[in-house]
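# Topology and contacts: notes
One-letter residues, chain by chain:
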Amino acid sequence: MEEGSSLGRGSAKKGEKNGSELEPKIEPFVSERGHDPKELRSWAKRTGFVSTFSGEAETGTERRELSEGRRRRNGGGGVGSRLDLEKGIAERSEPSMISPKIEIDPILGRRTTRKPPEIQQVGADGDGGGDGGGFRVAMDAGGGLSNGSEAVAASAAEKIGDGESRGVDGGWHPSSSPSSSPRMVLGLKDNPGYVAAIFYGLQHYLSLAGSIIFIPLLFVPAMGGTDKDTATVISTMLLLSGTTTLLHTHFGTRLPLVQGSSFVYLAPALIIMNSRELRNLTEHRFRHIMRELQGAIIIGSIFQCIMGLSGMMSLLLRFINPVVVVPTVVAMGLAFFSFGFPQAGACVEISLPEIFLVLLFTLYLRGVSIFGNRIFRIYAVPLSVLVIWAYAFFLTAGGAYNYKGCRADIPSSNILIDACRKHAYTMKHCRTDVSNAMKMAAWVRIPYPLQWGVPLFRLRTSIIMICVSLVASVDSVGTYHIVSMRINSKAPTPGVVSRGIGVEGFCSVLAGLWGSGTGSTTLIENVHTINVTKVASRKVIEVGALFLIVFSFIGKVGAILASIPQALAAAVLCFMWGLMVALGVSTLQYNQTAASFRNISIVGASLFLGLSVPAYFQQYLPEVSLILPAYLIPYSAASDGPIRSGSNEVDFALNGLLSLNMVVAFLIALLLDNTAPATSQERGRYIWSTDPDPDPDYYTLSLSLSRKISCCFGWAKCLGVGKRNNGTDLG
């Protein structure tokens with residue numbers, strides 16, 4: 001109407017200027033029977049316009065005013081009618097009746113309006129089955145569905161069956177429980193009862209066994225630790241995983257996320273333990289290295305805790321997008337390609353069947369259901385480990401690793417016979433009876449702080465762990481958002497994310513004090529576990545965490561796990577590292593323009609340089625390479641790298657950081673994604689942006705405080721903490 005009216009006024013002025021008495025004929029683009037927005041939308045659709053209105057219908061007063069305006073336009077002439085027309089236009093220029101701003105699409109050549117997309121993707125099923133994800137149908141200001149949304153909503157509703165319904169916000173709501181999540185057996189707030197909670201809790205942690213218990217089986221022997229040390233570290237990790245999970249579900253993001261020893265800290269630990277000063281130690285080497293790791297982890301975790309609890313992480317979220325998270329997580333998994341199978345290859349008759357069996361269970365038997373449970377899909381790792389462990393026991397009992405005149409219980413440094421020295425490595429990695437942890441471990445042992453001694457604090461290791469804690473935070477941020485979309489809850493606010501990172505930093509401080517050798521972070525394998533088990537109940541995770549704490553007090557449990565052959569553990573980690581790469585790549589699906597040339601260029605360049613730049617630093621071999629196995633030589637670059645600034649502490653830190661694949665990939669992706677021109681939607685910020693109205697039952701942490709105390713915690717609002725005062729929520 002405004003364009004037509006403006007044209008009419010321009011034509012009238014032109015006619016007066018030329019002295020013509022003819023008034024311009026203005027034809028309305030709506031029918032005479034009434035101003036119907038539906039008809040106007042239909043007209044706009046045919047003519048290339050896209051218009052939105054504040055409501056679907058007008059009041060009776062509005063209809064009468066519009067009818068009178070049309071009669072004045074059609075029945076009058078001269079200047080009076082022209083003034084009435086301008087008056088009608090002025091009356092129609094109320095805020096509720098202004099048409100949206102119209103722009104010309106430079107590509108399609110048609111006119112469009114500036115408004116948010118009518119259908120927004122809010123989630124996706126990484127399962128590969130079912131529909132591709134949830135959609136949110138845009139609502140107009142009057143409460144009705146926007147143009148074209150009725151058909152989309154209707155077609156989406158036709159796809160839902162088996163007692164499930166889907167709202168206009170894209171959420172799936174099974175009829176059995178309104179709080180349940182999409183295709184989930186248990187939703188976030190569901191309480192299945194004690195028996196079911198115990199079953200699902202043990203199931204959840206068994207599916208994560210590869211990430212929780214197999215890391216110490218590799219790096220403790222590399223540190224010079226004994227079988228008893230390995231059993232103690234495993235028990236400590238069980239205690240810390242259960243404790244930190246409880247802390248995170250109560251005070252962190254409150255999502256059903258298991259905390260544990262992450263692979264993020266494994267590569268820095270290998271760099272520190274292979275420094276020139278530590279790799280040549282002969283006495284108490286394990287304890288000295290562990291104390292170095294404890295001090296570095298504590299300093300890095302304090303930085304992470306401050307970054308989260310101060311709200312600094314909320315600012316960093318503006319620069320962290322899926323395009324940054326993907327190469328960071330992928331490089332984290334690919335970094336161990338030279339460490340995984342070289343250890344597993346020491347006993348191929350065990351490692352290859354393990355890799356084959358776990359892939360068979362995961363890919364080919366995942367649809368097999370026994371008693372209503374897809375056990376091969378859920379328990380792929382523990383089932384395959386039990387089968388191959390039994391197979392390795394029969395190989396050991398049958399004499400497959402018996403060599404004439406050689407004994408497996410003699411340290412390799414004390415073997416004098418050359419033939420036995422050749423077979424010592426095979427016997428150590430393949431036999432199931434070489435571990436004496438079962439004999440030495442106590443039945444009851446409670447891990448305690450500073451059990452390895454007072455931590456050692458050094459500048460060079462602290463700098464490395466501070467940077468690694470930042471990478472671990474990026475990894476956790478990606479996991480928060482992926483799990484939120486999986487369980488169909490509201491996206492966490494920046495305050496909730498900051499609170500989660502702060503709690504993770506505090507949990508890593510506990511890991512440093514107890515001496516687990518690695519920090520505590522949110523395991524990205526949670527994404528796969530929740531997607532497979534369909535269990536996203538917070539209560540289930542807490543019950544499973546209590547069982548981990550109980551198991552950590554039983555020393556024989558850690559001893560049994562410590563007796564797993566190293567080749568078998570390395571084969572399992574080969575699968576886990578590959579799964580991490582796959583989960584990292586799947587993060588890109590939450591970017592609406594993942595296939596754009598800009599994004600794929602950033603991801604490709606970050607990944608390639610993240611692998612190639614550390615390879616340049618790792619080519620500088622140590623001065624004495626005979627004392628290091630081949631798979632540990634790349635992690636000695638911190639002491640022998642090319643950077644020579646004159647300060648040994650700075651040289652070690654820079655050489656070590658630039659030899660870490662995940663750090664290099666993260667820095668390059670962060671730089672390119674935040675400097676290359678792009679819209680927020682193309683960068684992925686649109687989907688990863690926070691919801692302004694989150695469900696308080698999912699994330700909000702409410703504290704009952706008195707008035708005098710609560711006034712001191714106003715800063716906690718930025719962390720998503722709600723303060724209660726006499727039963728009233730102040731946050």
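Just so it is clear, the structure is predicted and the values come from calculations on it, not from any experiment. (Residues numbered from 1 in each chain as written. Predicted model: local features only at pLDDT ≥ 70, side-chain atom pairs only at ≥ 80, totals over all residues. Heavy atoms only, no water.)

### Brief notes about the overall build of the chain
Check the secondary structure of the chain and you find 34 helices and 11 strands. Taken across its 731 residues, the chain has 50% of its residues classed as buried. Of all intrachain contacts in the chain linking residues separated by at least 6 positions in sequence, the fraction that spans at least 24 positions is 75%. Total accessible area computed for the chain in this model is approximately 33100 Å², and 62% of it derives from carbon and sulfur atoms. (Helix = DSSP H or I, 4+ residues; strand = E, 2+ residues; numbered from the N terminus. Buried < 20%, exposed > 50% of the residue type's maximum accessible area, 1.4 Å probe, protein only. Contact = heavy atoms within 4.5 Å. Areas by Shrake-Rupley, 256 points an atom, 1.4 Å probe, with all protein chains shown as cover.)

### Here's the deal with unusual backbone geometry
Non-glycine residue Arg254 carries a positive phi angle of around 65°. Judged by relative accessible area, which is 18%, Arg254 ranks as buried. The backbone of His284 shows a phi angle near 55°, a positive value even though the residue is not glycine. Position of His284 among the secondary structure elements: in the loop between α11 (276-279) and α12 (285-309).

### Some remarks on helix α9 (residues 227-251)
The periodicity of an α-helix, 3.6 residues per turn, causes residues three or four places apart in sequence to face the same way. Taking 1.5 Å per residue as the helical rise, α9 with its 25 residues ought to reach 36 Å, and the 36 Å between its terminal C-alpha atoms agrees with that figure. Taken across its 25 residues, α9 has 19 buried, putting it largely inside the fold. (Expected span 1.5 Å × (residues − 1).)

### Thoughts on the state of the cysteines
When the sulfur atoms of two cysteines share a covalent bond, that bond is a disulfide. Counted by the stated rule, this structure contains 1 disulfide. Cys347 shares a disulfide with Cys430; S-S distance 2.4 Å. Residue Cys347 is located in the loop between α15 (340-344) and α16 (348-364), and its partner Cys430 is located in helix α19 (residues 418-430); the two are separated by 83 residues in the primary sequence. This cysteine, Cys507, is not joined by any disulfide, and Cys305 carries the nearest cysteine sulfur, 9.1 Å off. (Disulfide = S-S within 2.5 Å.)

### Some thoughts on the nonpolar core
Note that soluble globular proteins tend to have their nonpolar side chains buried in a common cluster. Phe214, Phe219, Phe263, Phe336 and Phe339 are the most contacted members of the largest nonpolar core, which has 126 residues in total. For this core, the element with the highest residue contribution is helix α26 (residues 566-586), accounting for 13 residues. Not counting the four nearest positions on each side in its chain, Phe219 is found in contact with Val233, Met237, Leu266, Met273, Ser516, Gly517 and Thr518. Counting residues in hydrophobic clusters, the runner-up holds 7 residues, among them Val323, Val326, Val330 and Ile602. (Core = buried A, V, L, I, M, F, W, Y, C linked by side-chain atoms within 4.5 Å.)

### Focus: the packing of helix α23 (residues 525-533) against α26
Where α23 meets α26, the axes come as close as 9 Å, and the angle between the chain directions of the two elements is 85°. Our classification of the angle between α23 and α26 gives roughly perpendicular. Only Met576, Leu579, Met580 and Leu583 of α26 make contact with α23, whose side of the interface consists of Glu525, Val527 and His528. For the contact of α23 with α26, the per-class residue count stands at 5 nonpolar, 1 polar and 1 charged. (Axes fitted to C-alpha atoms, helices over the stretch in contact; angles between N-to-C directions. Parallel < 35°, antiparallel > 145°, perpendicular 65-115°, else oblique. Nonpolar A, V, L, I, M, F, W, Y, C, P; charged D, E, K, R; others polar.)

### Some thoughts on the packing of aromatic side chains
Under the criterion given, the structure shown has 11 aromatic pairs. Centroid distance Phe336 to Trp577: 4.6 Å. Interplanar angle 15°. Geometry classified as stacked. Linking Phe336 in the loop between α14 (322-334) and α15 with Trp577 in helix α26, this pair joins segments that are 241 residues apart in sequence. Accessibility classification places Phe336 together with Trp577 in one group, the buried group. For the cation-ring pair, Arg460 lies above Phe652, with the distance from its terminal atom to the ring centre recorded as 4.2 Å. Taking NZ or CZ as reference, Lys556 lies 5.4 Å from the ring centre of Trp443, over its face. (Phe/Tyr/Trp six-rings, centres within 6.5 Å; stacked < 30°, edge-to-face > 60°. Lys NZ or Arg CZ within 6 Å of the ring centre and 35° of its normal.)

### Concerning the packing of helix α21 (residues 459-486) against helix α22 (residues 494-514)
Between α21 and α22, the least distance of the axes is 10 Å, while the angle of their chain directions is 130°. Taken together, α21 and α22 sit at an angle that is classed as oblique. Crossing hand, α21 versus α22: right-handed. Where α21 abuts α22, its residues Ser473, Ser476, Val477, Tyr480 and His481 lie against Val497, Gly500, Ile501 and Glu504. Across the contact of α21 with α22, the residue classes tally to 4 nonpolar, 4 polar and 1 charged. (Left-handed = near helix turned anticlockwise from the far one by under 90°.)

### Section: a nonpolar patch on the surface
A cluster of nonpolar side chains, Ile198, Leu202, Leu206, Val550 and Phe551, forms an exposed patch at the surface whose accessible area comes to about 370 Å². Looking at the nonpolar patch element by element, the count peaks at 3 residues for helix α6 (residues 194-207). (Patch = residues over 30% accessible without salt bridge, like charges linked within 9 Å, V, L, I, M, F, W, Y side chains within 5 Å. Salt bridge = Lys/Arg side-chain N within 4 Å of Asp/Glu carboxyl O.)

### Digging into α12
Taking 1.5 Å of rise per residue, 25 residues should cover 36 Å, and α12 covers 36 Å from first to last C-alpha, within 8% of that figure. Downstream of α12 by one or two residues, Gly311 has phi in the positive range, about 85°.

### Notes on the pattern of salt bridges
Considering all chains together, one arrives at 7 salt bridges under this definition. Its salt-bridge partner being Asp640, residue Arg279 comes within 3.4 Å of it at the nearest N-O pair. Within this pair, whereas Arg279 is found in helix α11, its partner Asp640 is found in helix α28 (residues 637-640), the two being separated by 361 residues in sequence. For the pair Arg279 and Asp640, one class covers both residues: buried.

### A closer look at the environment of Ile600
Tracing the backbone shows Ile600 in helix α27 (residues 597-618). Sequence spacing of Ile600 and Leu588 is 12 residues, and the spatial spacing of their C-alpha atoms is 9.9 Å.

### A few points about the confidence of the model for the chain
One rule of thumb: low pLDDT means the predicted coordinates there are not for detailed reading. On average, residues of the chain score 74 in pLDDT, and 65% of them are at 70 or above. Every residue in residues 43-63 scores below 50 in pLDDT, and together they form 35 contacts with partners more than four places removed in sequence or on other chains. Contacts from residues 723-731, a stretch scored under 50 in pLDDT, to residues over four places away or in other chains number 25 contacts. (pLDDT = per-residue confidence, 0-100.)

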